[in-house]
Amino acid sequence: MSEKMWGSEQFWGLGYEWDPDWFLNDRQKELRALLIELCEKEMRANAKRSDDELLFPRRNLELIGEHGFLALTVPEEYGGLGENHVAYSMVCETIARYGCASTAMCYVMHIGAVNTIMLRPTPELVDKYIRPLGSGKIGTLSYSDPETGSHFWYPISSGAERSNGGFKVRKKASWTTSAGFADFYVVQTTSPDFSGYDDLSVFVIDGDDVESQPSLWDALGLRGNQSGPLEVPNVDIPDEQIVGPVGDGAASNDESVDPWFLIGSSSVWNGIALGTIDIAKRHTTRKRHVDVGMRVADYPTIQDYVGEAVMDTNASRCFVLSVAEAMDRATDNNTKVLAPGEFARADYLHWAWQIKFIAAKNVAHVVDKMLHACGGSGYKRDMELERYLRDAKAGWVMGPTNEVLRQFVGKAVLLGFDSLDYWNQTYNRRAVENEVKKLDANAKRELAEQLVAQAEEEEAKAPAQKA
Ligand SMILES: Cc1cc2nc3c(=O)[nH]c(=O)nc-3n(C[C@H](O)[C@H](O)[C@H](O)COP(=O)(O)OP(=O)(O)OC[C@H]3O[C@@H](n4cnc5c(N)ncnc54)[C@H](O)[C@@H]3O)c2cc1C
């Protein structure tokens, strides 16, 4: 096994013997070594500037772009590296661990946008958005809505209409990574002729057509991420800029946005956890207590902290990589072109929920424990641990939040997948009957009259449905 290097020296954190390298092929290991080199040379130093100055990590993204990483998963025939889900996980983890977590999260959103376009590639979309990735073009996903918070699959403040042979698109997003800095935005809105909130469509909007307010972004961590609000103000776009058919939004979410986002972001959380273990190793093996003649690392308490953190984090990494590998198998190593209505990654979506929950939960715990292991020194900014800690705390609250995910999984296990009712369409008879039971005769009559009035009003509005 080759030695992990940091410039001309041996890496000061955990060596390759603690990385689950059986998931990677030789080319992927070379790509990782290249990324570590870029992190050592420049990206890690830029992370500090991004954090201090709320600076979008453009230079870091350009740097990885120069080496083809912005088109990592794009087929070679379109100028990409032709890599798979496992490679993507490795790249996100590596950038977050050795370099810059904000860059890693911008990268996750970028690859999410690229792959959402590549789910339904057309010659026009490929020429305009995919081939130029080699020249450093950056995309992002804009899904969250101010009205529905972390329920990003429910875009109330949005809409699209057919107009002049193309579309008129409007969208308000409360959060969009790289807002104001990306070259293109993949957005989800309700469909033209919309028939309900499961009727969603996906569009690509050019950077010049969006309104953003980067000055509003200021956060605890991932400060370079620039996840500010964004508006697409009823913009005319050509027909070619719809991604997939009208109404493809829910399928696109399940087959592309969620799988790529959940694998990428879980890998970022794992990378951050590892980054803090690396720092704790460096610090605790160097710091001495002269009175007892021990290094901090010599105390069994500290060894226990590190041992548990490594095992938990490696469990999470193996979980993420194994789901990535399952998606590689289902897509013939990320080469399968799926027609609308065909699914491959989506079959593993309930596994992708689990990896995000585990990785975000683990990193929140590990960063605290590594801070405890390093003591007060870790609390100071110069050790960088505190930046990793702040960045890590985004994991739990980013949508789908961990509260939502554990409920998805528990509810699906106990009541079946249909019970998840993403778009609030299923009538909960049990709850209604239970509440009605509490009413007296007058209140029941009042409710019944109210319901009859509502039904008549609805029927008057939609006479065709009356029969
Ligand atoms: C650093 C960062 C970057 C981001 N980047 C992007 C991006 O690029 N694109 C994008 O589209 N979005 C992005 N987001 C937004 C993210 O996906 C969520 O939409 C956002 O974090 C939700 O915040 P909120 O305050 O609206 O939470 P709320 O939805 O109001 O949640 C508040 C609390 O309620 C809980 N809760 C919500 N629903 C339920 C439920 N059904 N059951 C139980 N509990 C529930 C939540 O878990 C949470 O504890 C980003 C967020 C962060 C922090």
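Let us look at the structure shown here. Just so it is clear, the structure is predicted and the values come from calculations on it, not from any experiment.

**As for the overall build of the chain**
Turning to step 1, where the next piece is worked out: Along the backbone of the chain there are 14 helices and 11 strands.
Turning to step 2, where the next piece is worked out: Over its C-alpha trace the chain gives a radius of gyration of 24 Å, about what one expects of a compact globule, namely 23 Å for 467 residues.
Turning to step 3, where the next piece is worked out: For the chain, the spread of C-alpha atoms along the principal axes amounts to about 85 × 60 × 45 Å.
Turning to step 4, where the next piece is worked out: Looking at the chain residue by residue over its 467 residues, the buried ones come to 45%.

**Focus: the packing of helix 4 (residues 101-119) against helix 6 (residues 249-286)**
Turning to step 1, where the next piece is worked out: Two numbers describe how helix 4 lies on helix 6: the axes approach to 9 Å, and their chain directions differ by 160°. Taken together, the axis directions place helix 4 and helix 6 in an arrangement best described as roughly antiparallel. The two elements helix 4 and helix 6 meet at a crossing, and its hand is right-handed. Residues Ala101, Ala104, Met105, Val108, Ile111, Gly112, Asn115, Thr116 and Leu119 of helix 4 form the contact with helix 6, whose own contacting residues are Ser252, Glu255, Ser256, Val257, Trp260, Phe261, Gly264, Ser265, Val268, Gly271 and Ile272.
Turning to step 2, where the next piece is worked out: Residue classes in the contact of helix 4 with helix 6 are distributed as 11 nonpolar, 8 polar and 1 charged.

**Notes on the packing of helix 3 (residues 85-99) against helix 4**
The packing of two helices is summarised by the inter-axis angle and the distance between the axes.
Turning to step 1, where the next piece is worked out: The interhelical angle for the contact between helix 3 and helix 4, taken along N-to-C directions, is 160°, at an axis separation of 7 Å. As far as their axial angle goes, helix 4 and helix 3 are roughly antiparallel. Counted together, Tyr88, Cys92, Ile95, Ala96 and Gly99 of helix 3 and Ala101, Thr103, Ala104, Tyr107, Val108 and Ile111 of helix 4 form the full contact between these two elements.

**Section: helix 6**
Turning to step 1, where the next piece is worked out: End to end, helix 6 covers 53 Å across 38 residues, agreeing with the expected 56 Å (1.5 Å per residue, within 8%).
Turning to step 2, where the next piece is worked out: At Val257, helix 6 shows its maximal kink, close to 35°; a proline, Pro259, follows between one and four residues later.
Turning to step 3, where the next piece is worked out: Among the 38 residues of helix 6, 33 are classified as buried, and the element is accordingly described as predominantly covered.

**Observations regarding the environment of Ile130**
Turning to step 1, where the next piece is worked out: In this fold, Ile130 is placed in helix 5 (residues 123-130).
Turning to step 2, where the next piece is worked out: Sequence separation between Ile130 and Arg406 is 276 residues; the distance between their C-alpha atoms is 35 Å.

**Points about the sheet that holds strand 5 (residues 166-176)**
Turning to step 1, where the next piece is worked out: Spatial strand order, 4-5-9-8: 4 strands in an open sheet with antiparallel pairing. Among the strands making up the open sheet, the edge pair consists of strand 4 (158-163) and strand 8 (211-212).
Turning to step 2, where the next piece is worked out: With 7 bridges connecting them, strand 5 and strand 9 (residues 228-237) associate as antiparallel partners. What sits directly across from Lys171, in strand 9, is Val232.

**Thoughts on helix 12 (residues 402-415)**
Turning to step 1, where the next piece is worked out: For helix 12, with 14 residues, the first-to-last C-alpha span of 19 Å sits near the 20 Å given by 1.5 Å per residue.
Turning to step 2, where the next piece is worked out: Looking one or two residues past helix 12, Gly416 carries a phi angle of roughly 95°, positive in sign.

Conventions we followed
- Residues numbered from 1 in each chain as written.
- Predicted model: local features only at pLDDT ≥ 70, side-chain atom pairs only at ≥ 80, totals over all residues.
- Helix = DSSP H or I, 4+ residues; strand = E, 2+ residues; numbered from the N terminus.
- Rg over C-alpha atoms; globule rule 2.2 N^0.38 Å.
- Buried ≥ 20, exposed ≤ 12 C-beta atoms within 10 Å, placed from the backbone.
- Axes fitted to C-alpha atoms, helices over the stretch in contact; angles between N-to-C directions.
- Parallel < 35°, antiparallel > 145°, perpendicular 65-115°, else oblique.
- Left-handed = near helix turned anticlockwise from the far one by under 90°.
- Contact = placed C-beta atoms within 7 Å.
- Nonpolar A, V, L, I, M, F, W, Y, C, P; charged D, E, K, R; others polar.
- Expected span 1.5 Å × (residues − 1).
- Bend = angle between axes of the 7 residues up to and from the residue.
- Pairing = 2+ DSSP bridges.

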